[in-house]
Amino acid sequence: MFKNFDKVFKFTFKNQTSTKSYIRGTFLTAFLLFVIPVAIFLIVGFVMKGDDDELKSCGADRVYVVDPEAPNADFNTLNLTGVEGYTDIQYSNAETVDAALETIETRGETKAIILQIRKEDGRLQSRIILPESSELEKDEVKNYNDFIDESGNVFALIASGVNMNDMTEAMKQTDYSVYDTEGYKSGTDLYTDSAKLSEQQNSEILPVFNMVLTYVCVIFIYMIIILYGNSILQNIVLEKSSKLMDTMLISVSPQSLIFGKMLAILTSGILQLLVWIAGLVGGVVVGIKIFGSMFDGVNVAIVTFIKSFSELGLFKPVNVIVGILALIFGIIMYASLSAVAGSISSSREEAASNQGIFIFLLLISFYAILFKGMNTTNPVTWLYLLPFTSAMVLPSGICSGVISTGLAAAGLAILVVCSVVFIILAGKLYKMMSLYKGNKVSISKALKMLAGK
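Parameters at a glance
- Residues numbered from 1 in each chain as written.
- Predicted model: local features only at pLDDT ≥ 70, side-chain atom pairs only at ≥ 80, totals over all residues.
- Heavy atoms only, no water.
- Helix = DSSP H or I, 4+ residues; strand = E, 2+ residues; numbered from the N terminus.
- Contact = heavy atoms within 4.5 Å.
- Areas by Shrake-Rupley, 256 points an atom, 1.4 Å probe, with all protein chains shown as cover.
- Phe/Tyr/Trp six-rings, centres within 6.5 Å; stacked < 30°, edge-to-face > 60°.
- Buried < 20%, exposed > 50% of the residue type's maximum accessible area, 1.4 Å probe, protein only.
- Axes fitted to C-alpha atoms, helices over the stretch in contact; angles between N-to-C directions.
- Parallel < 35°, antiparallel > 145°, perpendicular 65-115°, else oblique.
- Left-handed = near helix turned anticlockwise from the far one by under 90°.
- Nonpolar A, V, L, I, M, F, W, Y, C, P; charged D, E, K, R; others polar.
- Core = buried A, V, L, I, M, F, W, Y, C linked by side-chain atoms within 4.5 Å.
- Arc of directions from axis to C-beta.
- Salt bridge = Lys/Arg side-chain N within 4 Å of Asp/Glu carboxyl O.
- Pairing = 2+ DSSP bridges.
- Patch = residues over 30% accessible without salt bridge, like charges linked within 9 Å, V, L, I, M, F, W, Y side chains within 5 Å.
- Lys, Arg positive; Asp, Glu negative; His and termini not counted.
- Charge placed at Lys NZ, Arg CZ, Asp CG, Glu CD.

**Q** Account for the overall build of the protein chain, with residues named and values stated.
**A** Of the regular secondary structure elements, the protein chain holds 20 helices and four strands. Taking the contacts inside the protein chain whose residues are at least 6 apart along the sequence as the reference set, 76% of them involve residues at least 24 apart. Per element, the accessible surface of the protein chain, about 25200 Å² overall, is 60% carbon and sulfur.

**Q** Describe in detail the packing of aromatic side chains, supporting the description with residues and values.
**A** Under the defined criterion, the tally for this structure stands at eight aromatic pairs. Aromatic pair Tyr-86 and Phe-147: ring centres 4.3 Å apart, planes at 5 degrees, arrangement stacked. Of this pair, Tyr-86 sits in the loop between strand 1 (62-66) and strand 2 (90-93) while Phe-147 sits in helix 5 (residues 143-150), placing them 61 residues apart in sequence. As far as the burial class goes, Tyr-86 and Phe-147 line up, both buried. Between Phe-366 and Tyr-367, the aromatic rings sit 5.5 Å apart at their centres with planes inclined by 75 degrees, giving edge-to-face as the arrangement. Judged by relative accessible area, Phe-366 falls into the buried class, the value being 10%.

**Q** Describe the packing of helix 14 (residues 317-343) against helix 16 (residues 356-372), with residues and values.
**A** The angle between the axes and the distance between the axes are what describe a pair of packed helices. Packing of helix 14 against helix 16 brings their axes to within 8 Å, and their N-to-C directions diverge by 150 degrees. By the angle between their axes, helix 14 is roughly antiparallel relative to helix 16. Across from Tyr-334, Leu-337, Ser-338 and Ala-341 in helix 14, the residues of helix 16 making contact are Ile-357, Phe-358, Leu-361, Leu-362 and Ser-365.

**Q** How would you sum up the packing of helix 18 (residues 387-399) against helix 19 (residues 405-433)? Please name residues and give values.
**A** Running from amino to carboxyl end, helix 18 crosses helix 19 at an angle of 140 degrees, the nearest separation of the two axes being 10 Å. On the basis of their axis angle, the class for helix 18 and helix 19 is oblique. Two packed elements cross with a definite hand, and for helix 18 against helix 19 that hand is left-handed. Between helix 18 and helix 19, the contacting residues are Pro-387, Phe-388, Ser-390, Ala-391, Leu-394 and Ile-398 on the first element and Thr-405, Ala-408, Gly-411, Leu-412, Ile-414, Leu-415, Cys-418 and Phe-422 on the second. Across the contact of helix 18 with helix 19, the residue classes tally to eleven nonpolar, three polar and no charged.

**Q** So what's going on with the nonpolar core? Residues and values would help.
**A** Judged by nonpolar contacts, the single largest core of 60 residues is most densely connected at Met-262 and Tyr-334. Elements with a contribution of two residues or more to this core: helix 9 (194-241), helix 11 (254-294), helix 14, helix 16, helix 17 (381-385), helix 18 and helix 19. Excluding residues that lie within four positions of it along the chain, Met-262 makes contacts with Ile-232, Ile-332, Ala-335, Ser-336, Ala-339 and Ile-423. The next biggest cluster of nonpolar side chains, apart from the first, holds 24 residues, and it includes Val-65, Ala-73, Tyr-86 and Ile-148.

**Q** Could you give an account of helix 6 (residues 152-159), naming the residues involved and the relevant values?
**A** Within helix 6, burial applies to Val-154, Phe-155, Ile-158 and Ala-159. The arc that holds every buried residue of helix 6, seen down its axis, measures 130 degrees, which confines them to one face.

**Q** How would you explain the pattern of salt bridges if you had to name every residue and give the values?
**A** Scanning all chains against the criterion turns up two salt bridges. Glu-109 serves as the salt-bridge partner of Arg-62, at 3.2 Å between the closest nitrogen and oxygen. Separated by 47 residues along the polypeptide, Arg-62 in strand 1 and Glu-109 in the loop between helix 3 (97-107) and strand 3 (112-120) bring together distant segments of the chain. Here Glu-109 and Arg-107 are joined by a salt bridge, their closest N and O atoms 3.9 Å apart. The class for Glu-109 is buried, based on a relative accessible area of 17%.

**Q** Break down the sheet that holds strand 1 for me, citing the residues and quoting the values.
**A** Here four strands make up an open sheet; going across it, the order is 2-1-3-4 and the pairing mixed. Of all the strands in the sheet, the pair left with one neighbour each is strand 2 and strand 4 (123-129). Mean inter-strand twist for the sheet, computed between neighbouring axes without regard to direction, equals 25 degrees. Direction of pairing for strand 1 relative to strand 3: parallel, over a ladder of five bridges. Across the sheet, residue Arg-62 finds its bridge partner in strand 3, namely Ala-112.

**Q** If you had to explain a negative patch on the surface to someone new, which residues and values would you point to?
**A** Judged by side-chain charge, Asp-98, Glu-102, Glu-105 and Glu-132 come together as a negatively charged surface patch. Looking at where Glu-132 falls in the secondary structure, it is placed in the loop between strand 4 and helix 4 (138-141).

**Q** Residues and numbers for a nonpolar patch on the surface, please.
**A** Residues Leu-28, Phe-31, Leu-32, Phe-34, Val-35, Ile-36, Ile-40, Val-44 and Val-286 make up a contiguous nonpolar surface patch of about 760 Å² in total accessible area. Element by element, the count of residues in the nonpolar patch is highest for helix 2 (residues 20-52), at eight residues. Within the secondary structure, Val-44 sits in helix 2.

**Q** With reference to specific residues and values, describe the pairing of strand 3.
**A** Looking along a regular strand, one sees the side chains alternate between the two faces of the sheet. Both strand 3 and strand 4 contribute to a ladder of seven bridges, which runs antiparallel. Across the sheet, residue Leu-115 finds its bridge partner in strand 4, namely Ile-128.

Here you go:
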């Protein structure tokens with residue numbers, strides 16, 4: 001049945017992958033997919049780092065406070081906020097701005113500023129006054145406004161005349177611990193019990209990871225079929241219209257011709273996508289490492305989750321093998337549908353019309369999964385058995401341990417049977433329709449002709 005399949009495969013695969021456009025497109029896109037994530041992580045890292053360092057020191061070592069509403073308020077309490085660059089400033093009270101300026105001039109202070117506080121319409125307003133003898137830069141002094149915004153609540157309490165002792169008590173930090181039921185009984189909190197903490201973090205990440213893996217797999221299959229299904233269909237139609245077709249059918253069986261061309265186009269397409277995915281994954285990995293080096297500990301939970309794959313039952317060797325086979329036969333099954341559409345088409349116009357056969361099934365399956373199959377905690381069994389949906393969800397479902405090995409094996413068996421049936425059907429339709437001259441043939445009419453009706 002599949003006589004000389006390898007020759008058809010090699011010939012078509014070589015034609016697909018040897019062109020300059022294919023080679024350039026593959027590696028140039030892979031390079032861009034590597035660079036873009038790295039650039040994004042770098043930009044985000046610098047922006048976040050810039051935000052962290054936004055509050056800079058004002059350079060002042062003394063601040064004279066003019067606050068008529070609270071003339072005896074002790075603003076030295078602001079040093080207890082722990083804001084870097086604002087923990088060693090000396091605060092002194094002054095009755096008026098002029099009195100503060102005179103004191104600064106008398107003492108010869110070059111790094112002092114004046115903070116004037118007023119109440120208008122029930123709101124606090126502050127003004128910073130820079131003496132003429134000051135060595136401080138205007139841009140530096142502006143940073144003190146940012147510090148006031150940062151410490152807004154504390155600043156307002158001090159300016160209202162709250163007692164310093166009460167303020168100190170209010171600013172004390174509260175220690176806290178988080179316990180689960182077992183930890184509470186034993187006196188061990190989650191942050192002390194690292195294993196328990198990792199288990200909790202993993203339980204939070206796992207559902208999100210399973211959903212993302214399912215979505216990635218669905219999109220991967222969808223893109224493969226959309227991008228290369230039409231190419232398979234058009235190649236089959238082009239081959240059928242060639243004058244060499246009669247000679248080819250003598251030395252090559254229709255099934256070999258269909259399957260060889262289909263598999264060669266899919267292989268070249270998957271190879272191209274794998275190179276792109278490798279570039280993207282490489283870029284994300286490098287980007288995360290750079291991002292993590294800029295912010296220590298930011299990806300600790302993710303690293304812990306990855307190290308726990310074996311404990312969580314993710315990507316077991318047997319499951320990975322079943323998942324890969326399901327991925328391969330899922331692609332082959334959908335591609336064989338496009339081959340069926342191409343086999344009953346005698347022109348490119350008819351092919352464009354007949355491609356609705358597999359596009360319709362693909363779209364229906366895609367939306368069925370979006371509405372029913374993204375909940376990985378309670379998987380819907382029929383999605384993993386129906387071949388049109390299992391082609392998209394079975395690989396991720398078995399690799400993430402969402403479904404049992406038995407259910408995965410049953411779904412894979414159905415995919416294999418459907419793939420073989422559709423390939424044989426495409427071969428028979430190709431042979432039957434190769435010399436057909438007449439009106440456009442629909443899939444239902446072609447099946448009736450096969451049945452001799």
